[in-house]
Structure formats: structure tokens, C-alpha cells
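Structure assessment
Letter by letter, the chains look like this.
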Amino acid sequence: MRQDLDGPYLRSGQVARQAGVNPQTLRYYERRGLIAEPARGPGGHRAYPPETVTLLTVIKAAQRLGFTLDEVAELIDTGRRAHPTADLRARAQAKIAEVEARIADLTTVRTALTQVVTAGCDSLTNCACPDCPLPYADLASGRTPEED
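Description of the structure in this document. No experiment lies behind these values; they were computed from the predicted model shown.

Side note on the overall build of the protein
When helices and strands are tallied, the protein shows six helices and two strands. Order of helices (α) and strands (β) in the protein, N terminus to C terminus: α-α-β-β-α-α-α-α. By the burial criterion, 26% of the 148 residues in the protein qualify as buried. In the protein, once contacts between residues fewer than 6 apart in sequence are set aside, the share between residues at least 24 apart is 43%. Accessible surface for the protein amounts to roughly 10100 Å². Of this, 55% is attributable to carbon and sulfur atoms.

If you want it as C-alpha cells, here you go:
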């Protein structure tokens, strides 16, 4: 950490390494306005305040929770206002609903795949198993289930 400016600062590589991102991500977040454009140190190097590492860690954590960068930007902007709002709570509840819907979809997929494995299916279009749960065999042959 250097002290040449009005306080301690970190160079791009140091910030990126400490936050677990690459330098291109750092610059991209700068362009998107997620992190403030840093001051320039001697020699023109970017000089980030140490708090930038914390902010990047928060951004990455929010992404792991399923928030898009646009949503993260809005939440950061909301948090920068003088008085907090319930925006994060409402967005988190909406994310929970999205996650629950994805879980339901994945459960359906798992059930279908389990049926395929249990039935012993061996082909999408020419399955020879007696109780094939896949509708594709009938569709590929041009038959409809009603014709059986």
C-alpha cells in the first residue's frame, strides 16, 4: 500500500489480486460506474483507495446470489443515498422467488432424467425400452401417442 497521495492507495494489480478479480474486470466495473474512477498516482498509475477491495468483494458476493450487474449497480446507488430503503429486501425476495422457480424446473428435469435412466432408454429417436418416458420416439416416427 502506498501513501504518496492524500492517503493510502493500491494499484490496479493489488486491488484485483486482493478482490479476486482480474484487472480487466476492475476497469470494466469502472466503466460501468460500479466503482469510482480512481485518482492517478505518480507516473499516471491508477490509485485506488483500500475500500475498493471491499466494494469489489460485495459486488462479487451479490453476483453469486444471482443479482445481475445492472441490479448490483442499482443497489449500490440506492445504498449511497443518505437514507436506506427496503429496496434490497424487496429485490432479495424477488430473487428467492426466481431461485424457487429454477429449483422447481430443475426438479422436473431431474425427475424426467431419472425416469429415462430407470426405463433403460438408449436413444432419443429409436428407444427400444418398453416403457419409454420420452415422447421423442413417437414424434420422430411421426406417430402421436393417440395412435397407439
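A closer look at helix α3 (residues 51-64)
Note that an α-helix has 3.6 residues per turn; residues three or four places apart therefore point the same way. When the terminal C-alpha atoms of α3 are compared, their 20 Å separation across 14 residues agrees well with the 20 Å that a helix rising 1.5 Å per residue should span. Here α3 has its buried residues at T52, V53, L56, I59 and A62. Contacts from the buried residues of α3 go to α1 (12-19), α2 (23-32) and α4 (69-80). Following α3 by one or two positions, G66 adopts a phi angle in the positive range, close to 105 degrees.

Side note on the packing of aromatic side chains
In the structure shown here, the tally under the stated rule is one aromatic pair. Ring geometry for Y28 versus Y29: centroids 6.3 Å apart, planes at 50 degrees, classification tilted. Among the residues examined, Y28 registers a relative accessible area of 33% and is labelled partly exposed.

Some details on the nonpolar core
Residues V15, Y29, L34, I35, L56, I59 and V72 are the most contacted members of the largest nonpolar core, which totals 19 residues. Broken down by secondary-structure element, the contributors of at least two residues to this core are α1, α2, α3 and α4. Once you skip the residues sitting within four places of it in the chain, I35 turns out to touch L26, Y29, E30, Y48, T52, L55, L56 and I59. By size, the runner-up hydrophobic cluster in this structure holds five residues, among which are V116, C121, C127 and L134.

Remarks on the side chain of E71
Along the polypeptide, E71 turns up in helix α4. For E71, the side chain forms a polar contact with the side chain of K95, separated by 3.2 Å. Contacts of E71, omitting those with residues within four sequence positions, involve G66, R91 and K95.

Looking at α1
For α1, every residue scored as buried is listed here: S12, V15, A16 and A19. An end-on view of α1 places all buried positions within 95 degrees of arc, on one side of the element. In α1, those exposed residues whose orientation departs by more than 90 degrees from the buried face are R17 and Q18. Lining the buried residues of α1 we find α2, β2 (46-47) and α3. One or two positions beyond α1, positive phi appears at G20, with a value near 75 degrees.

Calculation notes
- Residues numbered from 1 in each chain as written.
- Predicted model: local features only at pLDDT ≥ 70, side-chain atom pairs only at ≥ 80, totals over all residues.
- Heavy atoms only, no water.
- Helix = DSSP H or I, 4+ residues; strand = E, 2+ residues; numbered from the N terminus.
- Buried < 20%, exposed > 50% of the residue type's maximum accessible area, 1.4 Å probe, protein only.
- Contact = heavy atoms within 4.5 Å.
- Areas by Shrake-Rupley, 256 points an atom, 1.4 Å probe, with all protein chains shown as cover.
- Expected span 1.5 Å × (residues − 1).
- Phe/Tyr/Trp six-rings, centres within 6.5 Å; stacked < 30°, edge-to-face > 60°.
- Core = buried A, V, L, I, M, F, W, Y, C linked by side-chain atoms within 4.5 Å.
- Polar contact = N/O pair within 3.5 Å; in protein donor to acceptor, adjacent residues only side chain to side chain.
- Arc of directions from axis to C-beta.

Everything listed is a geometric property; what it means functionally is a separate question.
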